[in-house]
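Given next are the chains, with one letter for each unit.
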Amino acid sequence: MGSLTHPILDAEDVIWLRDQEALPAAARVAALALSRRIGFDEQRCAEVALAVSEAATNLRRHAVEGSFLLRAVRTPGDAGLEFVTLDEGPGMADVGHSLSDGTSSAGTLGIGLGAISRLADSFDLHSLPGRGTVLTARFWQREAAGRMAALGRSVVEGLTRTITGEEVCGDAWAARRVPGEPAGPAPAPVSAVPRPVRDERLGWAQLTGYRQPGTPGPGPERGGAGPGGPDALLVLLCDGLGHGPLAGRAAQAAVTAFRDTRAEQPDAIMGEIHKALRGGRGGAVAVVRVEPEAGTLAFCGVGNVSTYVVDPATGTRRSLPSAPGIVGHQLPTLRTVRQQLPRNSAVIMHSDGLTERWRAEAMPGFLERTPLVAAAQLLREAGVRRDDAGVVVAKGPW
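Rules used throughout
Residues numbered from 1 in each chain as written. Predicted model: local features only at pLDDT ≥ 70, side-chain atom pairs only at ≥ 80, totals over all residues. Heavy atoms only, no water. Helix = DSSP H or I, 4+ residues; strand = E, 2+ residues; numbered from the N terminus. Buried < 20%, exposed > 50% of the residue type's maximum accessible area, 1.4 Å probe, protein only. Contact = heavy atoms within 4.5 Å. Areas by Shrake-Rupley, 256 points an atom, 1.4 Å probe, with all protein chains shown as cover. 1 Å grid on protein atoms, 1.4 Å probe; cavity = no way out; pocket = protein on both sides within 12 Å on 5 of 7 lines; lining within 4 Å. Points joined across faces, edges and corners; volume = space filled by probe spheres on them. Nonpolar A, V, L, I, M, F, W, Y, C, P; charged D, E, K, R; others polar. Phe/Tyr/Trp six-rings, centres within 6.5 Å; stacked < 30°, edge-to-face > 60°. Lys NZ or Arg CZ within 6 Å of the ring centre and 35° of its normal. Pairing = 2+ DSSP bridges. Expected span 1.5 Å × (residues − 1). Polar contact = N/O pair within 3.5 Å; in protein donor to acceptor, adjacent residues only side chain to side chain. Axes fitted to C-alpha atoms, helices over the stretch in contact; angles between N-to-C directions. Left-handed = near helix turned anticlockwise from the far one by under 90°.

(A) Focus on the overall build of the protein chain. What the protein chain contains, in helices and strands, is 9 helices and 15 strands. Out of the 398 residues in the protein chain, the part that is buried amounts to 53%. Long-range pairs, those at least 24 residues apart, make up 75% of the contacts in the protein chain with a sequence separation of at least 6. By element, 52% of the accessible surface of the protein chain is carried by carbon and sulfur atoms, the whole surface being about 17400 Å².

The following block contains the structure:
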């Protein structure tokens, strides 16, 4: 098993566009506005607009039930833009040919998927012939692209989508890394710990108040932290009760509590989230702790959030049980489930905005792609429009 050194990106400003006549123009305008707002220069803005126009036009002309997601992603120092396309067919029988130069669907701008992949700093897709395709492309400013390439691919990514007719999603997810510590004497009080020298230049983090996932704010004790050890990955999925702004407020309160708490074990984190959700809608919440070096997983869930460990070698999935209850209102006795992780397995969490009838073996190869593509393929395969939907996939060196 390996250590956890890959980046964890924060995603925001989610814009979903449905398949309609104005999709290419609407996607281009939205992409230009977002890329300028996050500081891309005009050349990079033009490249983003070209790639978005081609992808949206392909979706409009040739896909069935297509949708287009545009959002910002960021680290403490950099901001990027990514888009995701999902459709219900016809799929690609030969992905390699579709990515070759000179291959472009009739009526598009003519640059093809191969050129989109070169314009983007990261690009991935997965297609099921006769059923549908998902495609992702991410763009950074040139200097940031080099930094991100050195860090490698993110090990955890997710998507949320609102119920039809609503603008605010009641589902939310977050992830943070727990830095490893050598075992030894108890740490000094927070006030006595020497602070690192700060970079006083005004970057993205300073201008927006962004705190890196995995950097807890001032909070109580590190509940359940243990004596130390290697890095771990913590992942949260929250489904706020109901729909609309109040459900969205509950989900965001859960995310804030998850990021701010110094607790590092799922049951202790759940207790902090329960406190944060009191007085509001409440919600269904699941927290997973992945320990890559040990190849183990710890899980605590309350309410209707589905969590699975999937072995890509066999396609088998193992369900992790959540206790009945509503976080923020009726919290049951919390217990943490611990299991060994199969090598190269994926941890998948989703709300009831996705059905549980999906099967990994019915989507051959999707877990070989990036976590974002895997999450998008699950949303395409199992998502329903009558509820908010949230899905997170974590897979990495374990």
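Right, picking up where we left off after that structure.
(B) Just empty space enclosed by the protein, in detail. Scanning all chains against the criterion turns up 1 cavity of 30 Å³ or more. Each pocket or cavity is described by its volume, and for the largest cavity that value is around 50 Å³. What lines the largest cavity is L9, A11, R71, V73, E82, R138, S154, V156, E157 and W173. When residues of the lining of the largest cavity are traced back to their parent elements, those giving at least two are β2 (67-74) and β6 (156-161). Here the lining of the largest cavity is built from residues that sort into 5 nonpolar, 1 polar and 4 charged.

(C) A look at the packing of aromatic side chains. Going through the model one piece at a time under the given rule, you end up with 3 aromatic pairs. An angle of 20 degrees between the planes, with centres 5.3 Å apart, marks the rings of F68 and F83 as stacked. With F68 in strand β2 and F83 in strand β3 (residues 79-86), this residue pair connects regions lying 15 residues apart in the sequence. One aromatic cluster in this structure is built from F68, F83 and F139. The ring of F258 has R176 lying over it, and the distance from NZ or CZ to the ring centre is 5.2 Å. Lying over the aromatic face of W358, R317 brings its terminal NZ or CZ to 4.6 Å of the ring centre.

(D) Spatial organisation of the pairing of strand β10 (residues 296-302). In terms of burial, β10 is a largely internal element, 7 of the 7 residues being buried. Here β10 shows no split at all, with T296, A298, C300 and V302 on one side and L297, F299 and G301 on the other all buried. The pairing of strand β9 (residues 283-291) with β10 spans 7 bridges and is classified as antiparallel. Within β10, the position partnered with E291 by the bridge is T296. Hairpin connection, β9 to β10: the antiparallel pair is bridged by 4 residues, and G295 has positive phi, about 70 degrees.

(E) Highlighting helix α2 (residues 42-62). Here α2 is 21 residues long and its end C-alpha atoms lie 30 Å apart, about the 30 Å a rise of 1.5 Å per residue gives. Residue D41 occupies the N-cap position of α2, its side-chain oxygen lying 3.3 Å from the main-chain nitrogen of Q43.

(F) How the structure looks around the sheet that holds strand β14 (residues 346-350). Here we have 5 strands laid out as an open sheet, ordered β6-β15-β14-β11-β12, and antiparallel in their pairing. Strand pairing shows two members of the sheet lacking a second neighbour, β6 and β12 (317-319), which therefore form its edges. Taken pair by pair, the neighbouring strands of this sheet meet at an average axis angle of 20 degrees, ignoring direction. Pairing geometry for β6 and strand β15 (residues 389-395), over 6 bridges, is antiparallel. By the bridge assignment for β15, T160 is matched with G390. Strands in contact with helix α9 (residues 371-382) are β6, β14 and β15; relative to β6, the strand with the most contacts, it is inclined by about 30 degrees.

(G) Examining the layout of surface pockets more closely. Approximately 760 Å³ is the volume found for the second largest pocket. Lining the second largest pocket are 35 residues, and of these V14, T160, T162, E167 and C169 lie nearest its centre. Contributions of two or more residues to the lining of the second largest pocket are made by β1 (10-18), β2, β6, β7 (171-178) and α7 (244-260). Counting residues per element, the lining of the second largest pocket draws most heavily on β1, at 9 residues. Residues that form the lining of the second largest pocket fall into these classes: 17 nonpolar, 6 polar and 12 charged.

(H) Seen up close, the packing of α2 against helix α4 (residues 112-119). Running from N to C, α2 and α4 cross one another at 145 degrees; their axes reach a closest spacing of 10 Å. By crossing handedness, the relation of α2 to α4 is classed as left-handed. Along its contact with α2, which presents R44, E47, L50, A51, E54, A55 and N58, the element α4 presents G112, L113, I116 and L119. Across the contact of α2 with α4, the residue classes break down as 6 nonpolar, 2 polar and 3 charged.

(I) Geometry of α4. Counting buried positions along α4 gives 6 out of 8 residues, so the element sits mostly inside the fold. Looking only at α4, the buried set comprises G112, L113, G114, A115, I116 and L119.

(J) How the structure looks around the sheet that holds β2. The strand order across the open sheet formed by 5 strands is β1-β2-β3-β5-β4, and the pairing between neighbours is antiparallel. In this open sheet, the two strands that pair with only one neighbour each are β1 and β4 (122-128). Neighbour-to-neighbour, the strand axes of this sheet turn through a mean angle of 10 degrees, independent of strand direction. In this fold α2 packs onto β2, β3 and β5 (132-139), with an angle of close to 10 degrees to the strand it touches most, β3. Across the sheet, α9 is in contact with β1, β2, β3, β4 and β5; its angle to β5 comes to roughly 145 degrees.

(K) How the structure looks around unusual backbone geometry. Geometrically, the link from G89 to P90 is a cis peptide bond, its omega value of 10 degrees lying close to zero. Despite not being glycine, E65 shows a phi value in the positive range, around 55 degrees. Take E65: it is sitting in the loop between α2 and β2. When its relative accessible area of 55% is taken as the criterion, E65 is described as exposed. In this structure, N344 takes a positive phi of about 60 degrees despite not being glycine. Topologically, N344 is positioned in the loop between β13 (337-340) and β14.

Treat this as a map of the structure, not an account of what it does.
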